[in-house]
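An overview of the molecular structure
Listed below are the residues making up each chain.
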Amino acid sequence: LEMEPSKLWALRKQIFGLGVIQVVSCGLLLTGVGVVLGFSPVVAFIFGMGFVLTSTAIVMQILGERGELASEGGQKMVSILLLEDLAIVPLLAIVALLAPTGEDQSTVTRLIGVAGAIGAILLLIWLGRRVMNPFFAVLASVKVREVMTAAALLVVLGAALLFQVSGLSMAMGAFLAGVLLSTSAFRHQLEADVEPFRGLLLGLFFLAVGMSLDLATVSDNWQIIAACVVLFMAIKAIAIYVIARVLKSDHGEALERAVLMAQGGEFAFVLYTTAVSAGIIDAPSNAIFTATVIISMVVTPFALILMRRFMPKKVVSFD
């Protein structure tokens, strides 16, 4: 709901400039790390690109709690997060094209699947622009708050289901539905109605992430998982810091962005699961990759606390 298209358009240079630079640079570096760790180039690419996709839920929550969403540094991170969220669409298409060709799935069939996914995106955008406002205007005339809340949830769940049927992620459908709802004339009312559920649903999200961690896999493969967490987070953080400094961010802003965005994110689970379904990676590799991402998400708040404790405080001059 906070990602109003007019604001996104105002951030277009950062989204498609800074965002693309960070995603491509980190993707190439992490793919190289995966190859060094012994994975095949294709599997290393899937692993690395999945880890590039930072957790939007964690970063947005932290920025919101600190009131930094509207700050210059916060806007840059939001722009990068948006590009990373959008990148899941071409990445899923790449996974479909990289899938081993079987007797029952030709290249033409996969291309039809990609076309269907693009069609689902265009259909959702069209419905959002043409149908949503009149729909909510009718519901608003009833003057029952619960009806508006239920309708908003229906739109989000419907978009998620449409994307799932089209071979895309439900999370991407829900995200795009939220962006479309932000264009509604009833946006502020919807935002107020949804607010009470926000913390609860975010808590359920983190519970789901924690429950998806396979402790047996972590125990059996702790050496490779530990190496992946350390190397991937370190390489990604260094790359983010260097890019930020090259693009004229100060040391404090660059360091905070590097620490906060060094983790993997929830869209990695979607990419890895799709790759398993396509036969590109096997189940044990998926479990290792998923555990690596989850542990990186767990480590991030503690890394941020350490950074805040040891980073020099800014000195304000009144001269």
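Above this note sits the structure.
Residues numbered from 1 in each chain as written. Predicted model: local features only at pLDDT ≥ 70, side-chain atom pairs only at ≥ 80, totals over all residues. Heavy atoms only, no water.

Turning our eyes to something else, we now look at the overall build of the chain. Helix and strand content of the chain: 15 helices and zero strands. Seen through its principal axes, the chain has C-alpha atoms that stretch 75 × 60 × 35 Å. Every one of the 319 residues in the chain was classed for burial, and the buried ones make up 44%. Excluding contacts between residues fewer than 6 apart, the proportion of contacts in the chain whose partners are at least 24 apart in sequence is 77%. Of the roughly 16300 Å² of accessible surface on the chain, 70% is carried by carbon and sulfur atoms. Considering the chain, the positive charge centre built from 20 side chains and the negative charge centre built from 21 side chains are found 9 Å apart. (Helix = DSSP H or I, 4+ residues; strand = E, 2+ residues; numbered from the N terminus. Buried < 20%, exposed > 50% of the residue type's maximum accessible area, 1.4 Å probe, protein only. Contact = heavy atoms within 4.5 Å. Areas by Shrake-Rupley, 256 points an atom, 1.4 Å probe, with all protein chains shown as cover. Lys, Arg positive; Asp, Glu negative; His and termini not counted. Charge placed at Lys NZ, Arg CZ, Asp CG, Glu CD.)

Here helix α14 (residues 266-277) spans 18 Å end to end across twelve residues, near enough to the 16 Å set by a 1.5 Å rise per residue. Taken together, the buried positions of α14 are Glu266, Phe267, Ala268, Phe269, Val270, Leu271, Tyr272 and Ala275. Against α3 (41-52), α4 (56-66), α5 (72-98), α9 (170-181), α10 (187-211) and α15 (283-310) lie the buried residues of α14. Glycine 279 sits one or two positions beyond α14 and adopts a positive phi of about 80°. (Expected span 1.5 Å × (residues − 1).)

Looking at the secondary structure, you find alanine 278 in the loop between α14 and α15. Of the residues examined, alanine 278 reaches a relative accessible area of 23% and is grouped as partly exposed. With 91 residues separating them along the chain, alanine 278 and arginine 187 place their C-alpha atoms 39 Å apart. Sequence-distant contacts of alanine 278, that is, excluding residues within four places in its chain, are made with Val95, Ala99 and Pro100.

Let's shift gears to the pattern of salt bridges. Within the structure shown, the criterion is met by six salt bridges. Arginine 308 is the salt-bridge partner of glutamate 68, the closest N and O atoms lying 3.8 Å from each other. Residue glutamate 68 is located in the loop between α4 and α5, and its partner arginine 308 is located in helix α15; the two are separated by 240 residues in the primary sequence. A salt bridge links arginine 308 to glutamate 256, with the shortest nitrogen-to-oxygen separation between them at 2.5 Å. Of this pair, arginine 308 sits in helix α15 while glutamate 256 sits in helix α13 (residues 251-260), placing them 52 residues apart in sequence. Here arginine 308 falls in the partly exposed class, since its relative accessible area comes to 33%. The class of glutamate 256 is buried, set by a relative accessible area of 13%. (Salt bridge = Lys/Arg side-chain N within 4 Å of Asp/Glu carboxyl O.)

A few words now on the packing of aromatic side chains. Summed over all chains, the structure comprises eight aromatic pairs. When the centroid spacing of 5.8 Å and the interplanar angle of 85° are considered together, the rings of phenylalanine 39 and phenylalanine 47 count as edge-to-face. An identical accessibility class is assigned to phenylalanine 39 and phenylalanine 47; each is buried. (Phe/Tyr/Trp six-rings, centres within 6.5 Å; stacked < 30°, edge-to-face > 60°.)

Let's shift gears to the side chain of serine 249. Inspection of the secondary structure assignment puts serine 249 in the loop between α12 (222-246) and α13. Classification of serine 249 as buried rests on a relative accessible area of 4%. Within polar-contact distance, the side chain of serine 249 engages the side chain of arginine 257 at 3.2 Å. (Polar contact = N/O pair within 3.5 Å; in protein donor to acceptor, adjacent residues only side chain to side chain.)

A few words now on the nonpolar core. With 86 residues, the main nonpolar core has Ile88, Phe136, Leu271, Tyr272 and Phe289 as its most contacted residues. For this core, the leading source of residues is α5, giving twelve residues. Excluding anything up to four places from it in sequence, phenylalanine 136 contacts Met148, Ala151, Ala152, Val155, Leu181, Ser184, Phe186 and Leu190. (Core = buried A, V, L, I, M, F, W, Y, C linked by side-chain atoms within 4.5 Å.)

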